[in-house]
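A look at the structure
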Amino acid sequence: MKYSSKQIKSILQLSIFIVLCYTETSFAQIAYDHITNKAVSVGSYGRVGVDWSFDSGRTIGRRLNLNNMGSIGGRMEEQDYLELAPVLQFAPKKGDSTYISMQLRLSVFSNSLTSFGNSTTTSLGGLTFAIPELFVQARNIRNTGINFWIGSRLYRGADVHVADHFYFNDHSGQGFGIEFKKTRLAAIFVTATDTTSTVPPYFYLNIKTGTPSTALRQRTVLVAEHDIDINENNRITLLGEYHKMPDAHASEENEIPSNPIEPEQPILNYDSDYGFVFGARHHVNFKNLKEGSFNDFSVRYGTRIANGGDGGVSKTWATFGAPDLENLNFQGAYSLAIVNHSVFHTSNNNTINPYLIFTTSKGAGATNGLSETYFGKEVYNKKVDFTIGARDEYFFNDYFHLITELHYSQRVDGDNPTASMTKFTIAPVYVPTGQKNIWARPHFRFVASVAKYNDYAKETLYSPFLQFAGKKSWGTYFGVKTEWWLWN
């Protein structure tokens, strides 16, 4: 039988396809088709939109909030951001109640603080990809109430959503933990490859091998939390942390080589350091109001290298201030953080969400003002910031809501005068899911914000907006934005 060239070509293609299929199933490292645990779910959080200002008609897209405070003072001007969180669920042995999962969280944002559109990883100030979470957990192991997890996890609790501020117990990081009923224990291992970190540095010059090389100095954070249920509507959470950083000796002989960053200044041969954190949080549900109304009040105190909590975040391992350069440690450093956060469902058509955040922190440097760190960089050794604000959401009907916000923030760095901002925001909202709920998403918003700065904030350009627009007493922001979340 004779075959045309077209038929021969078809036969060859079919033969190659059969061979490839056989090779794939016979020699693949993992035969995924034979895995029976196929429960997969995906969560997501994100926001995207456009914005502009009446400042010369330019698109600015910068926060009106004060510097070094992030979203504290209102989050309506936050930049584009995306999270995807796929979860793989594994089936336990038949009859076993253990919930087993692997969670991965991928995040994307722009370094230039601008929008996603027409931006790539190779653009100037382009997109950045991160993996803030990758962990495996087993919950309610064999119906004992014991949970166990290992990996990198956003391990945190209460959140002032209006200010995007996870307060009191943000222990996000890489480590492991075990939980049993009302008690949670974890070990977080903090390290960094950023050699500009100096407060305290997470690196040192290792010459034990005879060849100078940058080595990492890891911090260990041990965490304990315990809940005490006073009654059905009242709960107290107790918090304790212990931080430890090892020695950063240049060598076993205690030699002090030249500083490769500042040749005139020697590497400081500082010893190990430590810190403690103590805190308590009271949560109360208001039964005389609509379900979901509550108040949270928390107090947290950190010492020595555990005095972190600045820039809008509350991680205690992000040490604040300068060290004592005589004793080469953070003895005397501290931080006090007080947060009160409430949600009041005052009627079927209205919810008000007030909050208060106060933080005062001090390093171990000789002055309150600019003090030198281990490698000569100068930082403020003391700061006090205070913010009070509220969001009101009125439900005209299931689909149309109106958000109004009022915030006041002030901050003092060292012995400088107070920088302050008062901001008002109004945001009509369309909720396509048709829910009368402040947590309903997605939102389609038109955002209009105006801020008034005091003279010191204006003259020192103490705001991302002012740094772009110049010395102004008033700042404005307008945007058309959407925000969504969908969790498992």
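The residue count restarts for each chain, going from 1 along the sequence in the order it is written. Given that the model is predicted, a residue must reach a pLDDT of at least 70 before its local features are reported, and side-chain atom pairs must reach 80 or more before they are shown or counted; all residues, however, enter totals for whole chains, interfaces and linings. Side-chain numbers here rest on the full set of heavy atoms in the structure, without hydrogens or water.

Once that is clear, we can look at the overall build of the protein. Put simply, DSSP marks the helices as runs of H or I at least four residues long and the strands as runs of E at least two long, and each gets a number from the N terminus on. Regarding its fold elements, the protein presents three helices and 24 strands. Residues classed as buried in the protein amount to 44% of the 488 residues present. When checking whether two residues touch, look at their non-hydrogen atoms; a contact exists if any pair is within 4.5 Å. Long-range contacts, defined here as pairs at least 24 residues apart, represent 63% of the contacts in the protein between residues at least 6 apart. Counting every atom, the protein has about 24800 Å² of accessible surface; 59% of that belongs to carbon and sulfur. Each residue's exposure class comes from its accessible area (1.4 Å probe, protein chains only) as a fraction of the maximum for that residue type: buried when under 20%, exposed when over 50%, partly exposed otherwise. Per-residue and other accessible areas follow the Shrake-Rupley method at a 1.4 Å probe size, with only the shown protein chains counted as cover for residues.

Below, the discussion takes up the pairing of strand S3 (residues 99-110). Inspection of the sheet shows strand S2 (residues 81-90) paired to S3 by eight bridges, in the antiparallel sense. Considered in S3, the bridge of Leu84 is made with Leu106. Any two strands are treated as partners once DSSP identifies two or more bridges connecting them. As defined by bridge partners, S3 adjoins strand S4 (residues 127-139) across 11 bridges and the pair is classed as antiparallel. Each residue of the ladder has a partner; that of Ser101, found in S4, is Gln137.

Paired rings are identified among Phe, Tyr and Trp, the last through its six-membered ring, by centres lying within 6.5 Å, and are further divided according to the angle between planes into stacked (under 30 degrees), edge-to-face (over 60) and tilted (the rest). Taken as a whole and judged by the stated rule, the model has 14 aromatic pairs. When the centroid spacing of 5.1 Å and the interplanar angle of 75 degrees are considered together, the rings of Tyr394 and Phe396 count as edge-to-face. Taking the centre distance of 5.5 Å and the plane angle of 40 degrees together, the rings of Phe400 and Tyr430 count as tilted. On the criterion of sequence distance, the pair formed by Phe400 in strand S21 (residues 400-413) and Tyr430 in strand S22 (residues 419-430) is long-range, its members being 30 residues apart. Judged by relative accessible area, which is 45%, Phe400 ranks as partly exposed. Site record: aromatic cluster; members linked through ring pairs are Tyr242, Tyr274, Phe276 and Phe278. Lying across the ring of Trp149, Arg153 places its NZ or CZ 5.3 Å from the centre. When the NZ atom of lysine or the CZ atom of arginine is within 6 Å of a ring's centre and also within 35 degrees of its normal, the charge is said to sit over that ring.

The residues that make up patches have over 30% relative accessible area and no salt bridge, and they are joined within 9 Å when like-charged or within 5 Å when they are Val, Leu, Ile, Met, Phe, Trp or Tyr. Between Lys or Arg on one side and Asp or Glu on the other, a salt bridge is scored when a side-chain nitrogen of the former is within 4 Å of a carboxyl oxygen of the latter. Judged by side-chain polarity, Val40, Val42, Leu84, Leu88, Phe90, Leu106, Ile131 and Leu134 come together as a nonpolar surface patch covering roughly 670 Å² of accessible area. Elements that contribute at least two residues to the nonpolar patch include exactly strand S1 (39-52), S2 and S4. Of all the elements, S2 adds the most residues to the nonpolar patch, at three residues. Mapped onto the secondary structure, Leu88 falls in strand S2. The exposure class assigned to Leu88 is partly exposed, which follows from its relative accessible area of 33%.

Attention now moves to the pattern of salt bridges. Counting across every chain of the model gives 27 salt bridges. The salt bridge involving Arg184 is made with Glu225; its shortest N-O contact spans 3.1 Å. On the criterion of sequence distance, the pair formed by Arg184 in strand S9 (residues 183-190) and Glu225 in strand S12 (residues 219-231) is long-range, its members being 41 residues apart. With a shortest N-O distance of 2.6 Å, Glu405 and Arg391 are connected by a salt bridge. Placement of the pair is Glu405 in strand S21 and Arg391 in strand S20 (residues 382-395), with a sequence separation of 14 residues. Each member of the pair, Glu405 together with Arg391, is buried.

Formed by 55 residues in total, the largest nonpolar core has its most connected members in Leu66, Tyr270 and Tyr453. Contributing elements (two or more residues each) for this core: S9, strand S10 (203-206), S12, strand S13 (234-245), strand S17 (350-362), S22, strand S23 (443-453) and helix H3 (464-469). For this core, the element with the most residues is S22, which contributes four residues. Excluding its chain neighbours within four sequence positions, the residues that come into contact with Leu66 are Ser409, Gln410, Arg411, Ala419, Ser420, Met421, Tyr453, Ala457, Tyr462 and Pro464. Side-chain atoms within 4.5 Å are what join buried Ala, Val, Leu, Ile, Met, Phe, Trp, Tyr and Cys residues into a set we call a nonpolar core.

With that settled, the discussion passes to the environment of Ser172. Residue placement: Ser172 occurs in the loop between strand S7 (165-166) and strand S8 (173-180). Residues Ser172 and Ile188 lie 16 residues apart in sequence; the distance between their C-alpha atoms is 8.0 Å. When residues no more than four places from it in sequence are discounted, the contact partners of Ser172 are Arg153, Leu154, Tyr155, Arg156, Ile188, Lys315 and Trp317. Definition of a polar contact: a pair of N or O atoms within 3.5 Å, with one able to donate and the other able to accept a hydrogen when the atoms are protein atoms, and with sequence-neighbouring residues admitted only if both atoms are side-chain atoms. In this structure the side chain of Ser172 is engaged in a polar contact, spanning 3.3 Å, whose partner is the backbone nitrogen of Tyr155. Of the polar contacts made by the side chain of Ser172, one reaches the side chain of Asp170; its length is 2.7 Å.

For the rest of this paragraph, the subject is the environment of Thr433. Note on placement: Thr433 falls in the loop between S22 and S23. Using a relative accessible area of 38% as the deciding quantity, one classes Thr433 as partly exposed. On a C-alpha basis, the gap between Thr433 and Asp398 in space is 8.3 Å, while along the polypeptide they are 35 residues apart. Excluding residues that lie within four positions of it along the chain, Thr433 makes contacts with Tyr399, Ala440, Arg441 and Pro442.

Mean pLDDT over the protein stands at 87; residues scoring 70 or higher make up 84%. What pLDDT reports is the predictor's confidence in each residue, on a scale of 0 through 100. Predicted confidence is poor over residues 16-35, with pLDDT under 50, and the contacts of this stretch with residues over four places away or in other chains come to four contacts. For the stretch residues 251-264, pLDDT sits under 50, and the model shows 26 contacts to residues farther than four places along the chain or on other chains.

Of the strand pairs in this sheet, S12 and S13 are connected by 11 bridges, and their pairing is antiparallel. Considered in S13, the bridge of Val221 is made with His243. Taken together, S12 and the strand that follows it, S13, pair antiparallel across an intervening segment of two residues. Both S13 and strand S14 (residues 273-285) contribute to a ladder of 12 bridges, which runs antiparallel. Note on S14: the bridge partner recorded for Thr237 is Arg281.

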